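Coordinates in review
Each chain is listed here by its residues.
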Amino acid sequence: MIEFTKMEGLGNDYVYIDCTQMTEEDIINISKYAKRISDRHFGVGSDGLILICKSNVADFKMKMFNSDGTEAEMCGNGIRCVAKYVYDNELTKNKNIKIETLAGIKEIQVKAIDGKVEEVTVNMGKPILEPEKIPVIAKETPVTNLKIKAEDKEFIFTCVSMGNPHAVTVIEDIEKLNIEKYGTILENDKHFPKKANIEFIEIVDRKHIKMRVWERGAGETLACGTGACAVCVAATLNNLVEKNQEIEIQLLGGKLKIEWKDSIYMTGPAKTVFTGKTFI
């Protein structure tokens, strides 16, 4: 029997397990378990599983698995919830927290009210724009004009890595997009050796962007923190927004504030939904 906590950031929900008093090996077949616990009919139901572990190089380590069982490098909404978990549960008293991920160590600041975290700002680091590091098969750097056809429609992508691969495309009338029709095809396109998260965006003005995301290994989700960061970078590279200016990005689950200065800074909420126990 293992205790878990269901948490969400803008509706991007994960099951969180505190592994700080155990080893990662204590949870057998993590990939298989992630699929089972994420199932919305036969499990707890989530976009995936996140383990909060001990770290030798930071305050904590975050290990993330998508609902299909694949391990992912990072999740912006997920890491905000990790910060809330460790602070609210008094695993740390620091409001400045370092968390190890497969995408590197992320520096986080929490804003607490009455001892509970309400908002979290994450230094997401510098965007990666070299195609071989994203990775994406393309010749230009940065990749801002990658044309990919999916069935009856051609999309033009700007590609960015925030520790995980993103492909951002501008469209009109985002609400009418048939994201399931195009998302699956684009995620698995041959240009993306490790697949890609696909962001469809609509520019409202130079400070506001609407976004829908098809997440690699999970399908459409209500929010994606690394995706919102990639969107800010892509919009800046294409002169659709200003650099060094906070951009408000409207996702299906709510709003994130993103600013590209020396690094990318993401600010948004994190909430606990419920706690429970589950059999492995």
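So, here's what we can say about the structure. In this text the structure is predicted, and so the values were computed from the model without any measurement. (Residues numbered from 1 in each chain as written. Predicted model: local features only at pLDDT ≥ 70, side-chain atom pairs only at ≥ 80, totals over all residues. Heavy atoms only, no water.)

**Focus: the side chain of S38**
Selection criterion: Only DSSP runs of H or I reaching four residues or more are called helices, and only runs of E reaching two or more are called strands; each is numbered from the N terminus. Any two residues having at least one pair of non-hydrogen atoms within 4.5 Å are treated as being in contact.
Tracing the backbone through its elements, the reader meets S38 in helix α1 (residues 30-38). Those residues in contact with S38 that sit more than four places away from it in its chain are G45, S46, G48, L49 and S67.

**Concerning the pairing of strand β4 (residues 60-66)**
Applicable threshold: Buried, partly exposed and exposed residues are distinguished by accessible area as a fraction of the type maximum, computed with a 1.4 Å probe on protein chains only: under 20%, between the cut-offs, and over 50%, respectively. The criterion for strand pairing is that DSSP finds at least two bridges linking the strands in question.
A large share of β4 lies buried, amounting to 6 of its 7 residues. The turn linking strand β3 (residues 48-53) back onto β4 is made up of 6 residues. Where β4 and strand β6 (residues 96-101) come together, 2 bridges link them in parallel fashion. Counterpart to F60 in the pairing with β6 is I99. Taken together, the 2 bridges between β4 and strand β5 (residues 71-72) define a ladder with antiparallel strand orientation. Looking at the pairing, F65 lines up with E71 of β5. Taken together, β4 and the strand that follows it, β5, pair antiparallel across an intervening segment of 4 residues, in which G69 is found at a positive phi of about 95°.

**Remarks on helix α3 (residues 179-187)**
Helical periodicity: at 3.6 residues per turn, an α-helix aligns residues three or four positions apart in one direction. Note the following rule: Here, the arc refers to the directions that run from the helix axis to the C-beta atoms.
Along α3, the positions that sit buried rather than exposed are I179, Y182, G183, L186 and E187. The arc that holds the buried residues of α3, viewed along the axis, is 120°, so those residues lie on one side. Where the residues of α3 are buried, they touch β9 (146-150), β10 (153-161), β12 (197-205), β13 (208-215) and β14 (219-221).

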